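# Observations on chain architecture
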Amino acid sequence: MPSGSIHVKVSGALQDHIQQQIGDDGLYENASEYIRALIRRDLQTRDEAWEALQKELAPAMRADDSEFVTVSAEDVIRRNKRR
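The structure displayed is predicted, hence computed values, not measured ones.

Take the pattern of salt bridges next. What the rule picks out here adds up to 2 salt bridges. When the shortest N-O distance is used, the salt bridge between Arg46 and Asp47 registers 3.3 Å. According to the relative accessible area criterion, Asp47 is partly exposed, its value standing at 38%. Arg78 is paired through a salt bridge with Asp75; the nearest N and O atoms lie 2.7 Å apart. Taken together, the residues span about one helical turn, with Arg78 and Asp75 both in helix α3 (residues 73-82) at a distance of 3 residues.

Shown next as structure tokens:
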């Protein structure tokens, strides 16, 4: 897979934070390594969120139509106001 370059300018608090993450005192050798780790973590978090949503919805997807109850928007609003 060919690699490309993306150039991003950061300053202020963002630059300070990156500097804390790299070098002798940080976990990463350079800013690129840190940014790649952030992207990987973001992708993993997205995948985990998708899996959790699928797990949550699975029972409803398997349910028979007779198990569902028709409600209006007003019903939902009224229910949510009670919470």
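The predicted coordinates of low-pLDDT regions are not to be read in fine detail. When the pLDDT values of the protein are averaged, the result is 92; 99% of them are 70 or greater. When pLDDT is averaged over each element of the protein, helix α1 (residues 12-21) comes out on top at 96 and α3 at the bottom at 93.

The next point concerns the environment of His7. Mapped onto the fold, His7 is located in the segment before α1. Sequence separation of His7 and Arg79 is 72 residues, and the distance between their C-alpha atoms is 49 Å.

The next thing to look at is the side chain of Gln21. Of note, Gln21 is situated in helix α1. Gln21 gets classed as buried once you look at its relative accessible area, which sits at 18%. What Gln21 contacts, discounting residues up to four positions off in sequence, is Gly26, Leu27, Tyr28 and Tyr34.

Here the focus is the packing of aromatic side chains. Per the stated rule, a full pass over the model turns up 1 aromatic pair. When the centroid spacing of 5.1 Å and the interplanar angle of 50 degrees are considered together, the rings of Tyr28 and Tyr34 count as tilted. Assigned by exposure class, Tyr28 and Tyr34 land together as buried.

On the surface, Ile6, Val8, Val10 and Leu14 cluster together into a nonpolar patch covering about 430 Å² of accessible area. Within the fold, Val8 resides in the segment before α1. When its relative accessible area of 64% is taken as the criterion, Val8 is described as exposed.

What counts, and where the lines are drawn
Residues numbered from 1 in each chain as written. Predicted model: local features only at pLDDT ≥ 70, side-chain atom pairs only at ≥ 80, totals over all residues. Heavy atoms only, no water. Salt bridge = Lys/Arg side-chain N within 4 Å of Asp/Glu carboxyl O. Buried < 20%, exposed > 50% of the residue type's maximum accessible area, 1.4 Å probe, protein only. Helix = DSSP H or I, 4+ residues; strand = E, 2+ residues; numbered from the N terminus. pLDDT = per-residue confidence, 0-100. Contact = heavy atoms within 4.5 Å. Phe/Tyr/Trp six-rings, centres within 6.5 Å; stacked < 30°, edge-to-face > 60°. Patch = residues over 30% accessible without salt bridge, like charges linked within 9 Å, V, L, I, M, F, W, Y side chains within 5 Å. Areas by Shrake-Rupley, 256 points an atom, 1.4 Å probe, with all protein chains shown as cover.

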